[in-house]
Amino acid sequence: MSTDDNIFLAADAPLGEVAGWLSEALSLEPVDEPDLKDGVYLFRGRARSVDGELYVVVQPNVYGEADPEPEDVSAIDRYQSVVDVRYAGAKDEELQAREARALFDELADRGHSVAMVLSHNMALAVAAYLPGVGAQVFPPGTSLDVEDVDTWRPWVVT
């Protein structure tokens, strides 16, 4: 089974600048891939918890809604970009989730001005970071969707 581990970013800067900031902050190197769509950035870097490589794809967030109906609100609606974290080894859901969490924690520990939401399988809210407020880890099984809005709303850009 394929899994996704993503970090959604809310930044006022253009996506290219956000991708550059992210690559510098996480010590990632750009990967020249001729088949990439315009506006999509690919990077490679070392894994944090094991010996291996990560691939990081930065692209516009097409999963959130700009003006959702109240019953369709999601924790990722106000986030302009999404970072897809992929471990470059044998498929290991726990390892990939751990690596995505390590990148999220590394960025949150810097206390920067970019709000973030860490998600698993585009369904679960794992953690969030708000500048000036800090980071929050959510209880296991917390949905990105409206059914858990009371849990995540204080920790996301709304």
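The present account deals with the structure reproduced in this document. (Residues numbered from 1 in each chain as written. Predicted model: local features only at pLDDT ≥ 70, side-chain atom pairs only at ≥ 80, totals over all residues. Heavy atoms only, no water.)

**What about the overall build of the protein?**
Counting its regular elements, the protein contains 3 helices and 8 strands. For 158 residues, the compact-globule estimate of 2.2 N^0.38 gives 15 Å, and the protein sits close to it at 15 Å. In terms of its C-alpha atoms, the protein occupies a principal-axis envelope of roughly 40 × 30 × 30 Å. When burial is assessed residue by residue, the protein has 45% of its 158 residues classed as buried. Counting only contacts in the protein whose residues sit at least 6 apart along the sequence, the fraction spanning at least 24 positions is 54%. (Helix = DSSP H or I, 4+ residues; strand = E, 2+ residues; numbered from the N terminus. Rg over C-alpha atoms; globule rule 2.2 N^0.38 Å. Buried < 20%, exposed > 50% of the residue type's maximum accessible area, 1.4 Å probe, protein only. Contact = heavy atoms within 4.5 Å.)

**Some remarks on the sheet that holds strand β3 (residues 41-46)**
The pairing of strands in a sheet comes from backbone hydrogen bonds and takes either a parallel or an antiparallel form. Strand order in the open sheet formed by 8 strands is β2-β3-β4-β5-β1-β6-β7-β8, with antiparallel pairing between adjacent strands. The open sheet has two free edges, formed respectively by β2 (29-30) and β8 (134-137), since each of these has just one partner strand. In this structure, strand β4 (residues 53-60) lies alongside strand β5 (residues 81-87), joined through 7 bridges in antiparallel fashion. Within the sheet, the bridge partner assigned to P60 lies in β5 and is S81. (Pairing = 2+ DSSP bridges.)

**Points about helix α2 (residues 93-109)**
Given 3.6 residues per turn, any residue in an α-helix points the same way as the ones three and four places further on. In this model, α2 (17 residues) spans 24 Å end to end at C-alpha, consistent with the 24 Å of a helix rising 1.5 Å per residue. Of the residues flanking the start of α2, the one acting as N-cap is D92, its side-chain oxygen 3.2 Å from the backbone nitrogen of E94. The positive-phi residue at the C-terminal boundary of α2 is G111, with phi of around 65 degrees. (Expected span 1.5 Å × (residues − 1). Polar contact = N/O pair within 3.5 Å; in protein donor to acceptor, adjacent residues only side chain to side chain.)

**Concerning the pairing of β8**
As paired elements, strand β7 (residues 124-130) and β8 share 4 bridges and run antiparallel to each other. Within β8, the position partnered with L130 by the bridge is G134. The hairpin turn running from β7 into β8, its antiparallel successor, is 3 residues long, and G132 in that turn takes a positive phi close to 80 degrees.

**Regarding the environment of T3**
Relative to the assigned elements, T3 resides in the segment before β1 (5-10). C-alpha of T3 to C-alpha of K91: the two residues are 88 residues apart in sequence and 9.0 Å apart in space. When sequence neighbours within four positions are dropped, the list of residues in contact with T3 reads E93, Q96, H120 and N121.

**Re the nonpolar core**
By size, the foremost hydrophobic cluster in this structure holds 29 residues, and its most contacted members are I7, V56, V58, V83, F104 and M116. Going through the elements one at a time, β1, α1 (15-25), β4, β5, α2, β6 (115-120) and β7 are the ones with two or more residues in this core. For this core, the element with the most residues is α2, which contributes 6 residues. In this structure, M116 is in contact with I7, F8, L9, Y79, F104, L107, A108, A127, A128 and Y129, ignoring residues within four places of it in sequence. One finds F8, I76, Y79 and F138 within the second-largest nonpolar core, a separate group that totals 18 residues. (Core = buried A, V, L, I, M, F, W, Y, C linked by side-chain atoms within 4.5 Å.)

**Some remarks on the pairing of β4**
Inspection of the sheet shows β3 paired to β4 by 6 bridges, in the antiparallel sense. Considered in β4, the bridge of R44 is made with Y55. The hairpin turn running from β3 into β4, its antiparallel successor, is 6 residues long.

What is shown is where atoms sit, not what they do.
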